[in-house]
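A look at the structure
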Amino acid sequence: MSGAGFFRAAGLVLRKDLRLERRCGEATVPALLFGALVLLIAAFALAESGNDATAAGCAAFWVAVGLSANLAVVRGWARERDDGALDALRLAPIPPAAVLAGKTLALALSLLVVEVALAAPAVAFFRLPAAPSAAWLLPAGLLATLGIALVGSLFGAMTVGGSRGELLIGVAVYPLLVPLFLGVVEVSRTALSGGGWADVAGWTLLLAVFDAALGAGALWLFGPLLEE
Amino acid sequence: MQPPVFSPPVLTPLELAGVHRLFGPVPALVGIDLRCEAATLTLVTGPNGAGKSTLLRLLAGLLRPSAGTIRYAGRPAERLGPAPGRAYLGHHTQLYGDLTVRENLALAADLRRLPRGSLEPWLERFDLHAVADRPALACSRGQAQRAALARTFLGDPSLVLLDEPTAGLDAGGERTLRETLAAALRRGAAVLVATHDPASLGPLAARTVRLSAGRLVAGGPAGGAS
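Computed from a predicted structure; not experimentally measured.

Let's talk about the overall build of chain B
- A tally of helices and strands in chain B yields seven helices and ten strands.
- Taken across its 226 residues, chain B has 50% of its residues classed as buried.
- Partitioning the intrachain contacts of chain B with sequence separation of at least 6 by distance along the chain shows that 72% fall at a separation of at least 24.

As C-alpha cells, then:
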C-alpha cells in the first residue's frame, strides 16, 4: 500500500475513534476525572511539604497524565473488543500499522484534552510560576503525549485478545515509559523555572529519539501482535 | 434497486492442505484437507466444539495455522495480506455500538475504498432504512445481524465466510440472506457457511462437510455427509 493509502487508512481509523469519543466520551472523561483526583491527592501530599514545589507539581502533573492514560487506553480498546469490531478492522484491506497509527493519534488527542484541562489546577495547586520560558515545554509535552499514546495503543491491543491483557499495561507499559516520564518532568521543571531552550534541548531531543524508536518498533510489532 | 457489482481480487480456488491448529496443547483442527471452488457454497456442520468457527477464522486470515498450508488462487495465505475480496462474519456482529448502522457501513465502505453510494442498495436489500440512523447498540439482535450481513457483502467479495449467519434472523431475513447468497454464487463467489441449521441454506449448497473433534469426518455433495 502506498504512503498516501496508509495515511488515508490511519485517518479513517482516527476519524472513527474521534466520532465515538465525541459521542460518548468514554475514554477522555473518566481519564480526566481520574487525573484530576490524582493531582488533588498529590497536591495535598506534596505542595506544602517544603520541597521544590515546581518539581513536585511537574511530577504530579505527569503522574496524573500517565495514570489516567491507562483508563483511556483500556476504554479505547474496549470498543474494538465489544462485539468483535476489531475483526472487521483486521479484515479490511489496510495495513495493521495504519490501525495503530489512527488509534495512537486518537488517544494522543484525548490525552491532550486531559493535559490542557489538568494544567490550570496543577498551576493553582502547586503555585507553578508562569515563566515565559514555559513555551519550551510544548515540544517535550507533545512528544511525551505521543509516546504515551503509542505505547498505550501498542499494548492496548493486547487487551482485546485475552482476559489478562490489562495486566500488561501495568507490568509492561509503565516500565517502558520511565525514560519518557523522567525526560518530560525534567523539561517541565526546567522550563517553568525559567530555563531556556539550551537547557531543555537535550531532554527534548531524547524524547524525540525515544518516540522514533518506539514508533519504529511499534509499527513492526503491531501486526504480529494482533494475530491470535 | 440492485447493489452495484464491484470486482475484488479473485480468491478461489481455496485450498487447505494438512492444516492443524492448536490452542496451547489443545488441538482445535487436525489435518484438514479441503478445496472450495468458485461459485460453490460449502456447508460446514458438526457439533459444538468441532472446530467450525476455528476453520472459518483460519480461512478469514484471523488465525494462523499451527501447521499446514492455506492457498488462495494458488498463493500462500501469508503472502496475500489483507484482501478486499475476503469477507467474514462470525458470532459477533463486528459493529461499533455507538455508531449508527449507516456509519458502520460507511466506515466499511471507506476502508474498502467503495463509493458511499454503494451503501444504499444494501441498506434497502436488508431492510435497514428504518434503523439506518439508529446506533447499532439500539438495534435488536436481528436488525444488528442484518446490518452485519449487509456490511459483509459490501463490495461483492469473492470469498464469503459466514459462521451461523441465520442467528437472530426472522423468516424475511433468512430469505434475504438466501437471495443474497444466490446472487453471490451467480457472480462466482466461493461461500463457506458454518451452521447447525443446514436446512435453511441447504438448497444452495453444492457440498456439505462435517467436522468432529477437529477432524474432517465427511464431505461430499450437499446432503451427503450426515
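Once the structure has been displayed, the description carries forward.
Comments concerning the overall build of chain A
- Counting its secondary structure elements, chain A contains nine helices and zero strands.
- Reading the helices (α) and strands (β) of chain A from amino to carboxyl end gives α-α-α-α-α-α-α-α-α.
- Computed over C-alpha atoms, the radius of gyration of chain A comes to 18 Å, within 12% of the 17 Å expected from 2.2 N^0.38 for 228 residues, which places it in the range of a compact globule.
- A principal-axis box enclosing the C-alpha atoms of chain A has dimensions of 55 × 35 × 30 Å.
- Pairs at least 24 apart in sequence give 86% of the contacts found in chain A among residues at least 6 apart.

Section: the packing of helix H2 (residues 28–46) of chain A against helix H5 (residues 96–126) of chain A
Residue and element names in this part refer to chain A.
- Axis separation between H2 and H5 bottoms out at 10 Å; the angle between their running directions is 25 degrees. When the interaxial angle is binned, H2 and H5 end up roughly parallel. The handedness of the crossing between H2 and H5 is right-handed. Residues Thr28, Ala31, Leu32, Gly35, Ala36, Leu39 and Ala43 of H2 form the contact with H5, whose own contacting residues are Ser110, Val113, Val114, Ala117, Leu118, Pro121, Ala122, Phe125 and Phe126.

Section: the sheet that holds strand E4 (residues 67–72) of chain B
Residue and element names in this part refer to chain B.
- Here we have four strands laid out as an open sheet, ordered E2-E1-E4-E5, and antiparallel in their pairing. Either end of the sheet is taken by a strand with one partner, and the two such strands are strand E2 (26–36) and strand E5 (75–76).
- Here strand E1 (residues 14–23) runs beside E2; their pairing, made up of seven bridges, is antiparallel. Along E2, the bridge assignment pairs leucine 14 with cysteine 36.

Considerations on the environment of glycine 214 of chain B
Residues and elements named next belong to chain B.
- Among the secondary structure elements, glycine 214 is positioned in the loop between strand E9 (207–212) and strand E10 (215–221).
- C-alpha separation for the pair glycine 214 and alanine 73, spaced 141 residues apart in sequence, amounts to 25 Å.
- Ignoring anything within four residues of it in the chain, the contact list for glycine 214 reads Pro27, Ala28, Leu29, Val30 and Gly51.

Concerning the nonpolar core
- Core analysis: the largest hydrophobic core is formed by 141 residues, its most contacted members being Ala150 and Leu161 of chain B.
- Discounting chain neighbours no more than four positions away, the residues touching leucine 161 of chain B are Leu56, Leu59, Ala60, Ala87, Tyr88 and Leu192 of chain B.

Focus on the interface of chain A and chain B
- Listed by partner, the interface residues are 21 residues for chain A and 23 residues for chain B.
- Listing elements by their share of the side of chain A that touches chain B, those giving two or more residues are helix H1 (3–24) and helix H4 (85–91) of chain A.
- Here the side of chain A that touches chain B takes seven residues from H1 of chain A, the largest share from any one element.
- Among the residues forming the side of chain A that touches chain B, the class breakdown is ten nonpolar, one polar and ten charged.

What about the confidence of the model for chain B?
Residues and elements named next belong to chain B.
- Per-residue confidence for chain B gives a mean pLDDT of 89; residues scoring 70 or more make up 89%.
- Across chain B, element-level confidence peaks in helix H5 (residues 141–153) with a mean pLDDT of 97 and bottoms out in helix H2 (residues 77–80) with 68.
- This stretch, residues 220–226, has a pLDDT under 50; its non-local contacts, to residues over four places away or in other chains, come to 17 contacts.
- Per the prediction output, this complex has pTM 0.88; the corresponding ipTM is 0.86.

Let's talk about the pairing of strand E3 (residues 41–45) of chain B
Residues and elements named next belong to chain B.
- In terms of burial, E3 is largely enclosed, as five of its five residues are buried.
- Neither face of E3 is exposed, since Leu41, Leu43 and Thr45 on one face and Thr42 and Val44 on the opposite face are all buried.
- Across four bridges, E3 lies against strand E8 (residues 190–194) in parallel orientation. Bridge pairing in E8 links leucine 41 to valine 191.
- Bridge count for E3 against E9 is four bridges, and the pairing is parallel. Across the sheet, threonine 45 pairs through a bridge with arginine 210, a residue of E9.

Concerning the pairing of strand E7 (residues 159–163) of chain B
Residue and element names in this part refer to chain B.
- Most of E7 is tucked away, with five of its five residues classed as buried.
- On E7, burial covers both faces: Leu159, Leu161 and Asp163 on one face and Val160 and Leu162 on the other are all buried.
- Each parallel crossover has a hand, and the one from E7 via helix H6 (residues 171–187) to E8 is right-handed.

So, unusual backbone geometry
All names here are of chain B.
- Notably, alanine 39 is not glycine yet its phi reads approximately 60 degrees, a positive angle.
- Here alanine 39 falls in the partly exposed class, since 15 other C-beta atoms lie within 10 Å of it.
- Unlike most non-glycine residues, alanine 73 shows phi in positive territory, near 50 degrees.
- Structurally, alanine 73 is set in the loop between E4 and E5.
- On the basis of neighbour counts, which here come to 16 C-beta atoms within 10 Å, the residue alanine 73 falls in the partly exposed class.

Looking at helix H3 (residues 53–81) of chain A
- Taking 1.5 Å per residue as the helical rise, H3 of chain A with its 29 residues ought to reach 42 Å, and the 42 Å between its terminal C-alpha atoms agrees with that figure.
- Immediately downstream of H3 of chain A, the backbone of aspartate 83 of chain A shows phi near 55 degrees, a positive value.

Observations regarding the packing of H5 of chain A against helix H6 (residues 137–156) of chain A
Residue and element names in this part refer to chain A.
- Where H5 contacts H6, the two axes come as close as 8 Å, and the packing angle between them is 130 degrees. When the axis of H5 is compared with that of H6, the two are oblique. Note that H5 runs across H6; the crossing there is right-handed. Note on element contacts: H6 touches H5 through Gly141, Thr145, Leu146, Ile148, Ala149, Leu150, Gly152, Ser153 and Leu154, opposite Leu100, Lys103, Thr104, Leu107, Ala108, Leu111, Leu112 and Glu115.

So, how was this worked out
- Residues numbered from 1 in each chain as written.
- Chains lettered and ligands numbered in written order.
- Predicted model: local features only at pLDDT ≥ 70, side-chain atom pairs only at ≥ 80, totals over all residues.
- Helix = DSSP H or I, 4+ residues; strand = E, 2+ residues; numbered from the N terminus.
- Buried ≥ 20, exposed ≤ 12 C-beta atoms within 10 Å, placed from the backbone.
- Contact = placed C-beta atoms within 7 Å.
- Rg over C-alpha atoms; globule rule 2.2 N^0.38 Å.
- Axes fitted to C-alpha atoms, helices over the stretch in contact; angles between N-to-C directions.
- Parallel < 35°, antiparallel > 145°, perpendicular 65-115°, else oblique.
- Left-handed = near helix turned anticlockwise from the far one by under 90°.
- Pairing = 2+ DSSP bridges.
- Core = buried A, V, L, I, M, F, W, Y, C linked by C-beta atoms within 7 Å.
- Nonpolar A, V, L, I, M, F, W, Y, C, P; charged D, E, K, R; others polar.
- pLDDT = per-residue confidence, 0-100.
- Right-handed = clockwise from strand over helix to strand, strands pointing away.
- Expected span 1.5 Å × (residues − 1).

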